[in-house]
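Coordinates in review
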Amino acid sequence: MAALAATAPAMSATSPVPSSISLTRYLIEEQRAGRINPDLRLLIEVVARACKTISIAVGKGALGGVLGEAGTPGEASMNIQGEAQKKLDVLSNEILLEANAWGGHLAGLASEEMDTSHPIPDVYPRGNYLLLFDPLDGSSNIDVNISVGTIFSVLRCPDGVTQAADKDFLQAGTEQVCAGYTTYGPSTMLVLTIGNGTHAFTLDREVGSFVMTTRNMTIPEETKEFAVNMSNQRHWQPPMQAYVADLLSGKEGPRGKDFNMRWVASMVADVHRILTRGGIFSYPLDAKCADKGGKLRLMYEANPMSFLVEQAGGAASTGRQRMLEVQPTGLHMRVPVFIGSKQEVETAVRYHREHDAEQA
Ligand SMILES: O=P(O)(O)OC[C@H]1O[C@](O)(COP(=O)(O)O)[C@@H](O)[C@@H]1O
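Values in this document were obtained by computation on a predicted structure and should not be read as measured data.

Notes on the state of the cysteines
What the rule picks out here adds up to zero disulfides. No disulfide involves C157; its nearest neighbouring cysteine sulfur is the one of C178, lying 16 Å away.

Here you go:
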């Protein structure tokens, strides 16, 4: 499947789901339709199974002794991002590495929690795909029992490469063949795209399998709901200041309507809300993260979420460029993020464009 065109599939309204279409049945039907091959189907099944294991660990919480910081008292364990790792960050990472090492579908893995890409041990067969993941997104919410999640993205390994190196992962988001996230909240849900719409599956804990609960998630083009960490406002650039000031000025202001705000501080939870009922999520460039190019990671967070949102009729941008067309310069590259209802993302982009034109 060549680079993703800029258009999502013809949007059919969110379709009611006949009873009990399991993830396995959905993937087999997609394979029969020639939209995925057996290797990618099995890779998705392996990732889903790892997420079930993570869901059990997250669900145990303090009873499982998995809350709190990793490392030893007084010596936190830090990741490549310079962040103190939580026990569940480390455990989720290990679960995903172990589950995907021996499957034979991968030529390499890359994790938000690891400095460099992870080779497939020589003892195991290798495959043609590259898997990238944020093993546990929303870490700051783990110990306070708020939804967290796992985010993943699949790329093809360049031809002729059997053991992938970091450079082989540096492909634009348009090259993704699959993306998804699992959110560990009141229920555990897997949201997935292989480039044929975005679909939601809920974990049936009795049966132990993911069952489709929404086919063709569709994001309303317009919204009255925005998500941003307002406490960063003083650090924002002028176009972001102007955009949010107009949002907050309500129906008396230039936007002519009242907006409501939500901020879970777990990207998976905020984006899941947007995929379910619309909205815009933004983590703009601000003075605190300007030296890094942004707060959120392109490869593990922005790209997979952008593929899912575009496939649901939404849009995703850095504020100045379509997210999926950004050329990665490193595994841990960070970007500003505007994602969600199409017209609202286009409006946020327009504030940046007009500001840049005035500065030119
Ligand atoms: O702490 P802040 O500034 O509200 O940022 C919250 C954002 O950071 C994140 O937690 C970053 O992700 P990680 O937890 O994977 O580091 C996002 O999930 C969330 O949207």
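So, the domain arrangement of the chain
Domain assignment breaks the chain into domain 1 (17-215) and domain 2 (225-359). The centre of domain 1, based on its C-alpha atoms, is set 24 Å off from the matching centre of domain 2. Listed per partner, the contact involves 49 residues of domain 1 and 31 residues of domain 2. Both sides of the domain 1 and domain 2 interface together cover about 2,800 Å² of buried area, and 62% of this is carbon and sulfur. Taken together, domain 1 and domain 2 are joined by two salt bridges.

Some thoughts on the UniProt feature "domain: Fructose-1-6-bisphosphatase class 1 C-terminal" (unreviewed entry) in the chain
UniProt annotation of "domain: Fructose-1-6-bisphosphatase class 1 C-terminal" (unreviewed entry) refers to residues 219-352 when read in the numbering used here. With 35% helix and 15% strand, residues 219-352 has its two end C-alpha atoms placed 23 Å apart.

As for the sheet that holds strand β10 (residues 225-227)
Here we have five strands laid out as an open sheet, ordered β11-β10-β12-β16-β14, and mixed in their pairing. Looking at the sheet topology across the chains shown, the edges are occupied by β11 (260-261) and β14 (315-317). Pairing between β10 and β11: two bridges, direction parallel. Residue pairing for β11: F226 is matched across the bridge by M261. Taken strand by strand, helix α7 (residues 298-311) contacts β14 and β16 (337-340), and its axis lies near 25° from that of β16.

Examining the site of the ligand
Around the ligand there are 18 residues in total, and D137, G138, M267, Y283 and R297 lie nearest to it. Measuring from an oxygen atom of the ligand, one finds a side-chain N or O atom of D134 at 2.9 Å. Taking S139, its main chain carries an N or O atom lying 2.9 Å from an oxygen atom of the ligand. About the coverage of the ligand: the protein hides 88% of its 470 Å² of free accessible area.

Points about the pairing of strand β5 (residues 148-156)
When you tally the buried positions in β5, you get eight out of nine residues, the bulk of the element. Two elements, strand β4 (residues 129-137) and β5, share seven bridges in a ladder whose sense is antiparallel. Looking across to β5, one finds that F133 is bridged to F152. Direction of pairing for β5 relative to strand β6 (residues 178-184): antiparallel, over a ladder of seven bridges. If you follow V148 over to β6, its bridge partner there is Y184.

Considerations on empty space enclosed by the protein
Inspection of the entire model under this criterion finds three cavities of 30 Å³ or more. Its volume calculated, the largest cavity comes out at about 50 Å³. As for the largest cavity, its lining consists of Q237, M240, P284, L285, T318, R320, P336, F338 and H352. Classifying every residue of the lining of the largest cavity gives five nonpolar, three polar and one charged.

Calculation rules
Numbers given for residues are sequential positions, taken from 1 along each chain in its written order. Restriction of local features to residues with pLDDT of at least 70 applies here, the model being predicted, together with a cutoff of 80 or more for giving and counting side-chain atom pairs; totals for whole chains, interfaces and linings are based on all residues. Just so you know, side-chain values use all the structure's heavy atoms and leave hydrogens and water out. By definition, disulfides here are pairs of cysteine sulfur atoms that lie within 2.5 Å. Domain boundaries shown here were taken from an automatic or database domain assignment. The contact criterion used is simple: two residues touch if any of their non-hydrogen atoms lie within 4.5 Å. We define buried area as the total accessible area lost by two parts upon association, computed with a 1.4 Å probe and summed across both. By convention in these notes, a salt bridge is any Lys or Arg side-chain nitrogen within 4 Å of a carboxyl oxygen on Asp or Glu. UniProt positions are given in the numbering used here, feature names are shortened, and annotations may be inferred rather than shown by experiment. Only runs of H or I of at least four residues qualify as helices and only runs of E of at least two qualify as strands under DSSP, and these elements are numbered from the N terminus. Pairing between strands is defined by DSSP: at least two bridges between them are needed. For every element, the axis is a line fit to its C-alpha atoms; helices are fit only across the contacting stretch, and the angle between N-to-C directions ranges from 0 to 180 degrees. The nearness test applies per residue and asks whether one of its heavy atoms lies within 4 Å of the molecule or strand. We call two N or O atoms a polar contact when they sit within 3.5 Å, provided that within protein one can donate a hydrogen and the other can accept it, with sequence-adjacent residues counted only if both atoms are side-chain atoms. To measure how exposed things are, a 1.4 Å probe is used in the Shrake-Rupley method; for residues, cover is taken only from the protein chains shown. Burial here depends on accessible area, computed with a 1.4 Å probe over protein chains only, as a share of the maximum for the residue type. Under 20% is buried, over 50% is exposed, and the range in between is partly exposed. Cavities and pockets were defined on a 1 Å grid built from protein atoms only: a cavity is a group of points that admits a 1.4 Å probe but offers it no way out, a pocket is an open group of points flanked by protein on both sides within 12 Å along at least five of seven lines, and a lining residue is one with an atom within 4 Å of any such point. Grid points are joined across faces, edges and corners, and a volume is the space filled by probe spheres set on the points. Three classes are used, and their members are as follows: Ala, Val, Leu, Ile, Met, Phe, Trp, Tyr, Cys and Pro are nonpolar, Asp, Glu, Lys and Arg are charged, and the others, Gly among them, are polar.

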